[in-house]
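One letter stands for each residue in the lines below.
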Amino acid sequence: MSLFELPILSTLGPAAAGGCASGGCASGGCGTAPAERTSENSRREFLKTATTLTLGAMSLTLLPGVTAGDDLLPLPPHGGDGHAPAAKPMYGFLIDTTKCIGAGKCLTACRVENGVPDGQSRTWVERYVHYKDGRVEVDLVPETGYAESGEVQPAAEDVLRAYFVPKLCNQCVDAPCNQVCPVHASIKSPEGIELVDTDRCIGCGYCVQACPYGIRFMNHDTGVADKCNWCYHRVMRNEQPACVEACPTGARVFGRVDDPDSEISKRLATVPTNVLKQHLGTLPLTRYVGLTDEVT
Amino acid sequence: MEFHALHDAPFIFPNDAHPPWSIMIVLYPYITGMVAGAFVVSTMYHVFHREALRPVARLAVVTSLCLGACATLPLLLHLHQPLRAFNVVATPSPTSAMAGFGFIYSFYMLVLLVDVWLIFRPAIVERAGTASGAWRGVYRALALGVVEITPRAAEIDRRLVHVLSVIGIPAACLLHGYVGFLFGAIKANPWWSSSLMPVIFLTSAVVSGIAVLTLLYLFLCRRSRMEPEAECVRSLSRLLWMFLLLAVVFEAIDILHVAYEREEEWHVIRALLSTKLRFSYLTLQVVIGSLLPLLLLPLPAFSRRLGAGFRHSIAGVAAVLILVQVAAMRWNVVVGGQLFSKSFRGFVEYPVDWFGREGLLAAAVVLAMPMVLLWGAMQILPVWPPSPESESGAKA
């Protein structure tokens, strides 16, 4: 159905032609003098046309395909052979907390790759320290790593266990940030990766509030929402995200989950994994190995 | 699972260190609340024919219009990309609650504008004929060129005002209930996420609207050396007491429900209320802003023994306290919800600047703007009701 076949717009025809939609005037049923009738008709037609156009314009704005989203990103050049593109790839991200050593290499790689302003983060690494006296302390791994940070470290004899938890965008299938964005500036790529259209974002901050994981932030430099996008620009070039490439221990695994031979698929098939804040029902694509209850 | 919220070794997510919503987002629901509340008072007269409120019926719609005209100002000051503000209506996302704002606000303001125009049309037309000089031009423009009103036109106007007021009631409820929904639908934030939030916002909106009108009425009467009509103040006080009671009950149910269930979010909320919001919530919102006016208001609302001057003074004091309560409530919701990290392990410092686009000074200007507009509107429109002689039938 074309837009002009919509009932609301189809009334434009007679209105624009100046005809009387009811037909009452033609039969003389209006009971008014000709001059008054003309005046009345033109006013009625004007109101009808104005109302139709206004409602029509408003209805157009509610059609996302007409106004936003579809033209933003070209389809990625998957397939590689220059012929028919491959079927829509599905990506996943696996964090193995048992492998992370808190080196901080991923943090610098992300900041450099994506130009993230100081004091804000697309990704970070949390350190959980369980002491023998029952205390649990959490802190952020410095970008330099602990060795070069000069921070006083907990005494080994006091510590029961400790582990690192890298955080990044969970790429939720049912993403609250995407749901609340009022202007289609939060968009999901065909591969299911949540992106920010920086040319469309109005900087209201609603998506920042809606993200349960604290991943989004208002970029101090650009004045628009910012977030981890799994280095979408690199992924589209068949490269790994910067943090994955920089990780010295393979704690961050990225790849196609629709390819049974990919490393991530093999790991997901053999190791129990979990997601953050599962009770919120956001269905994250980022999965964790060794996630504990303390991790929020 | 035990939350170590806010324990000895706090930890906040790095991006939570900069709360995205400033004091402007506190003002936005504060002002829209008064818009909706003031309109409700006018409908009490125009729809429900509560004659005691006749002295403030016109003042109510004009106040609502002036407040409404400034309602978008804090939002524009807050937006990081204010030049793209119209994207909200040009390319709204149907899944976003916020995208409804442009349409709901525009619809309400249109209804309100036409309502005000129709209510004041007889006065405008009369002045278009009697005023001289530039004022004559102003009134002729406001009259849209129609400089006489037939009895039939006056009757149609009266009916239209009734219809518009009836339409305006759900529109005003939608306008402010929707603001509550913006917060209540954020599942990421346990302090906001509540299905009662729209109701709480709505009732407190009505409360703030009645309170601001009570204050305005008492102030304007004193300024023009008029004696406030006792029945009007009494009626306003009764409404104020009733809606405040409702607001307090809903707010209490919301907290008590979470406190009694003791789910994980309670650990955060308890820590929040007992530390960061101890003064602004417990002292300001609950004790000074709610309990005290609930105890004071029965005096002007129900007592017939006390002197009028004393009753009116009490009503004024209660109205001030209630305006403080609603402001504190908005602060506690908007700022309180950003005072803890989504790690639920630590509090966040909330910076309040004096200067800048979202500073306290700008906030004071935004709050003063509707009152400046109201002063201007009062120079043009007669907000006091016509004399009984000219409208002898109205009171019958």
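Residues numbered from 1 in each chain as written. Chains lettered and ligands numbered in written order. Predicted model: local features only at pLDDT ≥ 70, side-chain atom pairs only at ≥ 80, totals over all residues.

## Some details on the overall build of chain B
Tallying secondary structure elements over chain B gives 14 helices and 0 strands in all. Element order for chain B, N to C, with α for helix and β for strand: α-α-α-α-α-α-α-α-α-α-α-α-α-α. A compact globule built from 396 residues should have a C-alpha radius of gyration of about 21 Å, and chain B, at 23 Å, falls within 12% of that. Taken over the C-alpha atoms alone, chain B extends approximately 75 × 55 × 35 Å along its principal axes. Among the 396 residues that make up chain B, the fraction classed as buried is 49%. (Helix = DSSP H or I, 4+ residues; strand = E, 2+ residues; numbered from the N terminus. Rg over C-alpha atoms; globule rule 2.2 N^0.38 Å. Buried ≥ 20, exposed ≤ 12 C-beta atoms within 10 Å, placed from the backbone.)

## Some points on unusual backbone geometry
Residue and element names in this part refer to chain A. Positive phi is not limited to glycine here, since K277 has a value of about 45°. Summarising the element assignment, K277 is placed in the loop between α11 (263–270) and β10 (286–289). Despite not being glycine, L283 has its phi angle at roughly 55°, a positive value.

## Examining the interface of chain A and chain B
Across the boundary between the two partners, chain A contributes 41 residues, which contact 38 residues of chain B. At the level of elements, β3 (136–140), α7 (176–180), α8 (206–210) and β7 (217–218) of chain A are the ones that each hand at least two residues to the side of chain A that touches chain B. With 5 residues, β3 of chain A is the largest single contributor of residues to the side of chain A that touches chain B. Among the residues forming the side of chain A that touches chain B, the class breakdown is 24 nonpolar, 12 polar and 5 charged. (Contact = placed C-beta atoms within 7 Å. Nonpolar A, V, L, I, M, F, W, Y, C, P; charged D, E, K, R; others polar.)

## Observations concerning the nonpolar core
Within the largest apolar cluster, 171 residues are counted, with the highest numbers of intra-cluster contacts made by V207, I210, L213, L240 and I322 of chain B. Ignoring any residue separated from it by four or fewer positions in sequence, one finds I210 of chain B in contact with G37, V41, L236, L239, L240 and F243 of chain B. (Core = buried A, V, L, I, M, F, W, Y, C linked by C-beta atoms within 7 Å.)

## Looking at the sheet that holds strand β4 (residues 159–167) of chain A
All names here are of chain A. The antiparallel open sheet is built from 3 strands, whose spatial order is β3-β2-β4. Edge positions in the sheet fall to β3 and β4, since each of these pairs with one other strand and no more. Each strand axis lies, on average, 20° off the axis of its neighbour in the sheet, ignoring direction. (Pairing = 2+ DSSP bridges. Axes fitted to C-alpha atoms, helices over the stretch in contact; angles between N-to-C directions.)

## Looking at the packing of helix α9 (residues 230–261) of chain B against helix α10 (residues 264–274) of chain B
Residues and elements named next belong to chain B. At a closest axis distance of 8 Å, the pairing of α9 and α10 adopts a crossing angle of 120°. With respect to their mutual orientation, α9 and α10 come out oblique. The handedness of the crossing between α9 and α10 is left-handed. Contacts from V258, A259 and E261 in α9 reach E265, W266 and I269 in α10. For the contact of α9 with α10, the per-class residue count stands at 4 nonpolar, no polar and 2 charged. (Parallel < 35°, antiparallel > 145°, perpendicular 65-115°, else oblique. Left-handed = near helix turned anticlockwise from the far one by under 90°.)

## Some thoughts on the environment of P154 of chain A
Residue and element names in this part refer to chain A. Secondary-structure assignment places P154 in the loop between α6 (146–149) and β4. Judged by the 13 C-beta atoms lying within 10 Å of it, P154 falls in the partly exposed class. When residues no more than four places from it in sequence are discounted, the contact partners of P154 are V129 and V159.

## Side note on the confidence of the model for chain B
Residues and elements named next belong to chain B. Here chain B shows a mean pLDDT of 91. Residues at 70 or above account for 96%. Within the model, pLDDT remains below 50 along residues 1–5, and this stretch shows 14 contacts once partners closer than five positions in the same chain are excluded. Note that residues 392–396 has pLDDT below 50 and, in this model, 2 contacts with residues that lie over four places away or in other chains. Here the prediction assigns the complex a pTM of 0.84, and the interface score ipTM is 0.91. (pLDDT = per-residue confidence, 0-100.)

## So, the environment of Y128 of chain A
Mapping Y128 of chain A onto the fold places it in strand β2 (residues 124–131). The residues touching Y128 of chain A, leaving out its near neighbours within four places in the chain, are V136, V138, A162, Y163, V165 and E294 of chain A.

## What about the confidence of the model for chain A?
All names here are of chain A. For chain A, the mean per-residue pLDDT works out to 81, and 71% of the residues sit at or above 70. When the criterion is pLDDT under 50, residues 1–37 qualifies, and its contacts beyond four places in sequence or with other chains add up to 32 contacts. For the stretch residues 61–85, pLDDT sits under 50, and the model shows 31 contacts to residues farther than four places along the chain or on other chains.

## Overview of the environment of C100 of chain A
All names here are of chain A. Within the secondary structure, C100 sits in the loop between β1 (91–96) and α5 (105–114). In the structure, C100 is positioned 151 residues away from A251 in sequence and 5.1 Å away in space, judged by C-alpha atoms. Residue contacts for C100: discarding those within four places in its chain leaves V125, F164, P166, T249 and A251.

## Some words on the sheet that holds β1 of chain A
Residue and element names in this part refer to chain A. Read across the open sheet, the 3 strands follow the order β9-β1-β10; overall the sheet is mixed. Both edges of this open sheet fall to β9 (252–256) and β10, since each of them pairs with a single strand only. For this sheet the average axis-to-axis angle between neighbouring strands, irrespective of direction, equals 20°. Looking at chain direction, β1 and β10 are connected through 4 bridges and run parallel. Within β10, the position partnered with D96 by the bridge is V289. Along the sheet, α11 makes contact with β1, β9 and β10, crossing β9 at roughly 110°.

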